[in-house]
Amino acid sequence: MERRALNLCVYCGSNEAVPRGYLDLADEVGAGLAARGWNLVWGGSAAAMMGAVARSARRAGARTIGVIPRGLVELERADPQADELIVVDNMRQRKAEMDDRADAFLALPGGLGTCEELFEVWTSRYLGMHAKPVVVLDPDDHWDGLLRWVRELRSRGFASDAAVDSLIVTRSVDAALDACVTR
Ligand code: AMP
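Residues numbered from 1 in each chain as written. Predicted model: local features only at pLDDT ≥ 70, side-chain atom pairs only at ≥ 80, totals over all residues. Heavy atoms only, no water.

Caption draft 1: Representation of helix 3 (residues 91–101). Among the residues of helix 3, those classed as buried are R94, K95, M98 and D99. For helix 3, the arc enclosing every buried residue in end-on projection is 125 degrees, short of the 170-degree limit, so these residues lie on one face. Counted as exposed and oriented over 90 degrees from the buried face of helix 3: R92 and D100. Where helix 3 starts, the residue carrying a side-chain oxygen 3.1 Å from the main-chain nitrogen of R92 turns out to be N90. (Buried < 20%, exposed > 50% of the residue type's maximum accessible area, 1.4 Å probe, protein only. Helix = DSSP H or I, 4+ residues; strand = E, 2+ residues; numbered from the N terminus. Arc of directions from axis to C-beta. Polar contact = N/O pair within 3.5 Å; in protein donor to acceptor, adjacent residues only side chain to side chain.)

As structure tokens, this is what we get:
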């Protein structure tokens with residue numbers, strides 16, 4: 001039987017104000033996942049890093065599946081080129097739909113929304129609610145402050161080793177994509 005292509009859910013920043021290097025990183029991730037024959041599941045926006053990852057994934061042959069709440073279709077510029085664009089009623093449905101469709105989760109540098117999405121899949125993983133890899137790609141210490149605080153939570157007894165270690169932190173695009181098929 002032929003195996004279904006992996007669906008990789010990518011979370012990343014939606015803000016246009018970020019330095020160009022972050023758009024290039026998103027571009028590289030899109031091309032990299034497509035080169036592995038994978039599909040992209042993302043927030044359905046054509047803006048900023050979110051748009052960059054989807055455009056480059058499509059350009060390199062990946063199928064792109066966007067999930068966006070109705071109320072953000074204008075604000076986040078829903079991507080008319082998405083192979084599938086799922087318009088849902090609210091954020092909770094967006095996350096549920098993305099979770100259901102994904103085989104692994106990869107967070108790139110991002111803002112508050114990216115943090116929120118990452119924490120939900122990370123906490124649900126260590127609680128045993130799913131066993132899909134949860135990976136961070138952090139080439140430039142974007143996430144370092146947060147990760148230091150999480151390690152501090154561990155040393156104060158608020159977080160277990162297993163919980164903290166269930167997040168895979170990587171430095172390069174290749175390492176991040178490799179990690180999406182481990183554990
Ligand atoms: P940001 O990292 O703030 O640029 O946001 C990245 C993406 O996360 C955007 O598409 C936001 O709409 C989305 N986002 C923000 N808050 C949430 C949330 N509570 N649940 C799901 N997605 C969110």
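Caption draft 2: Fine view of the site of the ligand. Around the ligand, the surrounding shell holds 16 residues, and the nearest of these are S14, E76, G111, G113 and T114. Here an oxygen atom of the ligand and a backbone polar atom of G111 are 2.8 Å apart. Contact with the protein chains covers 83% of the free accessible surface of the ligand, which is 500 Å². When atom positions are compared with the pocket grids, the ligand is found to occupy the largest pocket. Listing elements by their share of the shell around the ligand, those giving two or more residues are helix 3 and helix 4 (112–126). For the shell around the ligand, the element with the highest residue contribution is helix 4, accounting for 5 residues. (Near = heavy atom within 4 Å. Areas by Shrake-Rupley, 256 points an atom, 1.4 Å probe, with all protein chains shown as cover. 1 Å grid on protein atoms, 1.4 Å probe; cavity = no way out; pocket = protein on both sides within 12 Å on 5 of 7 lines; lining within 4 Å. Sits in = over half its atoms within 2 Å of the grid points.)

Caption draft 3: Structural detail: unusual backbone geometry. Despite not being glycine, A48 has its phi angle at roughly 50 degrees, a positive value. Under the relative-accessibility criterion, A48 is labelled buried at 5%. In the Ramachandran plot, R77 falls in the positive-phi region, its phi being about 55 degrees despite a non-glycine side chain. Following the sequence through the fold, R77 ends up in the loop between strand 3 (64–69) and strand 4 (84–88). A relative accessible area of 43% places R77 in the partly exposed class.

Caption draft 4: Summary view of the sheet that holds strand 7 (residues 168–170). Read across the sheet, 7 strands follow the order 4-3-2-1-5-6-7 without closing on themselves; strand pairing throughout is parallel. Both outer strands of the open sheet, strand 4 and strand 7, are each paired with one neighbouring strand and no more. Strand-to-strand, the axes of this sheet are offset by a mean angle of 25 degrees, without reference to chain direction. Summarising the sheet, strand 2 (residues 39–42) and strand 3 pair through 3 bridges and their orientation is parallel. Looking across to strand 3, one finds that W42 is bridged to G66. Together, strand 1 (7–11), strand 2 and strand 3 form the strand contacts of helix 2 (residues 48–59), whose direction differs from that of strand 2 by roughly 160 degrees. (Pairing = 2+ DSSP bridges. Axes fitted to C-alpha atoms, helices over the stretch in contact; angles between N-to-C directions. Contact = heavy atoms within 4.5 Å.)

Caption draft 5: The side chain of D138, seen in detail. Its location among the elements puts D138 in the loop between strand 6 (134–137) and helix 5 (144–155). Buried and without a salt bridge, D138 has R171 as its closest oppositely charged side chain, separated by 4.8 Å. A distance of 2.8 Å separates the side chain of D138 from the backbone nitrogen of H142, its partner in a polar contact. Contacts of D138, omitting those with residues within four sequence positions, involve W143, D144, V169, T170 and R171. (Lys, Arg positive; Asp, Glu negative; His and termini not counted. Salt bridge = Lys/Arg side-chain N within 4 Å of Asp/Glu carboxyl O.)

Caption draft 6: Summary view of the pattern of salt bridges. Counted according to the given criterion, the structure contains 18 salt bridges. Salt-bridge contacts for E16 lead to R77; the nearest nitrogen and oxygen are separated by 3.1 Å. Remark: R77 occurs in the loop between strand 3 and strand 4 and E16 occurs in the loop between strand 1 and helix 1 (20–35); sequence separation between them is 61 residues. Between D174 and R36 there is a salt bridge, and its shortest N-O distance comes to 3.5 Å. Note that D174 is positioned in helix 7 (residues 173–179) and R36 in the loop between helix 1 and strand 2, a separation of 138 residues in sequence. Given the relative accessible area of 31%, R36 is considered partly exposed. A network of salt bridges, in which partner residues are shared, links R63, E84, E97 and R101.

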